[in-house]
Amino acid sequence: MADALAVSQNGSAVTPHKPLTKIVLASYAAPATPLALVGLPMAVYLPAIYADSDGFGLTLGLVGLILTLSRFTDVITDPLIGFFSDRLKTRWGRRKPFILLGTPIYAAGIWLLFVPPFIFHDVSLFGFVFNIGYPYLFCMVALTYLGSTIKDLPYVAWGAELSRNYNERTLVTSWREGFAVTGSLLSAFTPAIILFFGYTKPTDAVYFLSVAMCIVMPILVINALVVVPEYPVFETRKKIPLRESLKVVLKNKPYIALIIIFMFSTLGSAMTNSLSFFFVKHVLLAGELYGLYLAPYFVSQIAAIPIWFALSRKIGKHRATMVAIGWYAFWSCFIPLIAISPDSWFDAFEIPLLLSFLPEAQFLAVTSHFDGIDTGKFLFFILIMCLKGSAIGALAALPAAMAADVVDVDTLESGQQRAGAYFSIWSMTRKLAYAFGITIGTGSAVAFGFDSLADARNTTNSDFSLLMLACLYSVIPALFKFVAMPLLWTYPLTEERLEEIQAEINAKIADARQGTTASP
């Protein structure tokens, strides 16, 4: 297998990259942890905070629409950041200055988004009366995503350039995904822990998580910038304009296939995430225990990552992704069945019954938090979600590793190292797909008659609207992921083909270097 080459742009000696050490891998991946601390609230709590009766009380349909519209700013910013991060030349590298700039912008956006400095109220403008929370939500989400774009696109491209080894790239993304899931796990456990201190609202959880992120993220980002190398690159051709650059990217067939695969997968994930809290609160009637569901769900992701990594080494990343989609979809089918099943079917899973072995004082202290909640159905739901969630790590890490591989196809064709351009389009389509997924999920739920502001226990929601909420949360997102199956089955970029491409790239680099050395 070909080793990566570190070659300066003035034609200096070609030197193989050394295998990445655990310190370098950990330092590079660590910033994903604080990002995930608030990434989970951005994914699952943001609609609940702004469109729930215990949050800011806005309308679910409009909140979903605003979240979608705010992502259209990425159509401009993502390609520009990717393009300029590929071209920037500094003594610190191409990627690191952007990461340093984007981190404080992102932190400020998160704080203002989850901890508004004033109470939302109705205002009148040109005869129209509306809640000021709607434009505020749009502006703060746009600011947050701007910081995310400036920081995250170069960060991911940097990771893709740390190695050109097929399996080592999977290792880089697996480390990053492992740290991200760890952050998600901490984020998931936070609501569960503060529940026992009387903090039961989503707004309480995101406050503590935002504070933690603002403290931890700068430390880990600075450590990564100092410890992790950014290798210089050698390009065999002159740089081409942005428009021509995008045209070359769009001719990369494996990349286009991967974009379609990930776009539909992301769309389904957005539907699940945006409706997650409302399903637990209004269908399972266990909104107070939402944090207890998130924690084991993300534990299952962490536990399964090494298994998916081993499987990808054996059968290839694309086939392992197919297996993960099938596993995810199978367990998704059980969610609506849980929703419509009688509560009595799940009596054996009642938490007080399972904890009956505890001493009386401890038993009463713990079970008092579950008074009036049907914990049997809720606990069975958690078990199914853990089985389903074990595929999430694969569906996040493996496509990202595959995206790093397709950059080599472009390098062979264009003679340039343009991971930034590729990951900018990757990020842009992912964000837009996620935004449309939120609108499809929340908008469809509202169209079927679901009211997120209704009292969950004395509800005005019909049985039909709650059943459709369950389907929009589980089965329909799984169907979107199945769109990827035929594309993955015929995916051409295997480990063997990548080795051939990298050998051709190395030969071109050697020829170009000889030409540079021979020139007067």
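Higher on the page you've got the structure.
Residues numbered from 1 in each chain as written. Predicted model: local features only at pLDDT ≥ 70, side-chain atom pairs only at ≥ 80, totals over all residues. Heavy atoms only, no water.

J.: Account for the pairing of strand β4 (residues 128-131), with residues named and values stated.
T.: Remark: a regular strand shows side chains that alternate across the two faces of the sheet. Relative to β4, strand β3 (residues 122-125) is paired through four bridges, and the arrangement is antiparallel. In the sheet register, D122 faces β4, and the bridge partner there is N131. (Pairing = 2+ DSSP bridges. Helix = DSSP H or I, 4+ residues; strand = E, 2+ residues; numbered from the N terminus.)

J.: Got a sec to walk through the nonpolar core? Specific residues and values, please.
T.: Of all hydrophobic cores here, the largest spans 133 residues; its most connected members are Y50, F279, Y293 and F381. Considering each element in turn, this core owes the most residues, 13 residues, to helix α10 (residues 253-282). The residues touching F381, leaving out its near neighbours within four places in the chain, are F279, V280, L284, Y293, I335, I338 and Y473. (Core = buried A, V, L, I, M, F, W, Y, C linked by side-chain atoms within 4.5 Å. Buried < 20%, exposed > 50% of the residue type's maximum accessible area, 1.4 Å probe, protein only. Contact = heavy atoms within 4.5 Å.)

J.: So what's going on with the side chain of N131? Which residues, and what values?
T.: Mapped onto the secondary structure, N131 falls in strand β4. Side-chain polar atoms of N131 contact the backbone nitrogen of G133, separated by 2.7 Å. Excluding residues that lie within four positions of it along the chain, N131 makes contacts with L58, F120, H121 and D122. (Polar contact = N/O pair within 3.5 Å; in protein donor to acceptor, adjacent residues only side chain to side chain.)

J.: Before we move on, can you summarise the environment of I132 with the specific residues and values?
T.: Along the polypeptide, I132 turns up in the loop between β4 and α6 (133-161). A relative accessible area of 23% means that I132 is categorised as partly exposed. Sequence separation between I132 and D122 is 10 residues; the distance between their C-alpha atoms is 6.0 Å. If we ignore the near neighbours within four places in the chain, the residues touching I132 are F118, F120, H121 and V123.

J.: Give me the pattern of salt bridges: which residues, what numbers.
T.: Inspection of the entire model under this criterion finds four salt bridges. Here D52 ties to K281 by a salt bridge, and the two come within 2.9 Å at their closest N and O atoms. With a gap of 229 residues between them, D52 in the loop between α2 (32-50) and α3 (60-70) and K281 in helix α10 connect regions that are remote in the sequence. Taking the relative accessible area as the measure of exposure, D52 reaches 0% and is therefore buried. (Salt bridge = Lys/Arg side-chain N within 4 Å of Asp/Glu carboxyl O.)

J.: Quick rundown of the packing of helix α5 (residues 96-114) against α6? Include the residues and the values.
T.: Across the interface, α5 lies against α6 with an axial gap of 7 Å and an inter-helix angle of 150°. Between α5 and α6, the interaxial angle falls into the category roughly antiparallel. The handedness of the crossing between α5 and α6 is left-handed. When grouped by side-chain class, the residues that make up the contact of α5 with α6 number 17 nonpolar, six polar and two charged. (Axes fitted to C-alpha atoms, helices over the stretch in contact; angles between N-to-C directions. Parallel < 35°, antiparallel > 145°, perpendicular 65-115°, else oblique. Left-handed = near helix turned anticlockwise from the far one by under 90°. Nonpolar A, V, L, I, M, F, W, Y, C, P; charged D, E, K, R; others polar.)

J.: An account of helix α4 (residues 74-87) is needed here, citing residue identities and associated values.
T.: Helix length check: α4 (14 residues) gives 20 Å between terminal C-alpha atoms against 20 Å at 1.5 Å per residue, within 8%. Taken together, the buried positions of α4 are D74, T77, D78, P79, I81, G82, F83, S85 and D86. (Expected span 1.5 Å × (residues − 1).)

J.: Please set out α6 residue by residue, giving values where relevant.
T.: End to end, α6 covers 41 Å across 29 residues, agreeing with the expected 42 Å (1.5 Å per residue, within 8%). In α6, a bend of some 30° at T149 exceeds every other bend along the element. With 23 of 29 residues buried, α6 is to be regarded as a mostly interior element. (Bend = angle between axes of the 7 residues up to and from the residue.)

J.: Tell me about unusual backbone geometry, and name the residues and values.
T.: Non-glycine residue L285 carries a positive phi angle of around 55°. Take L285: its relative accessible area is 30%, and that puts it in the partly exposed class.

J.: Tell me about the packing of aromatic side chains, residues and numbers included.
T.: Taken as a whole and judged by the stated rule, the model has 30 aromatic pairs. Seen from their ring centres, Y28 and W158 are 5.7 Å apart, and the 90° between their planes marks the pair as edge-to-face. Taken together, the residues span a long stretch of sequence, with Y28 in helix α1 (residues 22-29) and W158 in helix α6 at a distance of 130 residues. Both residues of the pair, Y28 and W158, count as buried. (Phe/Tyr/Trp six-rings, centres within 6.5 Å; stacked < 30°, edge-to-face > 60°.)

That is the geometry; function is a separate question.
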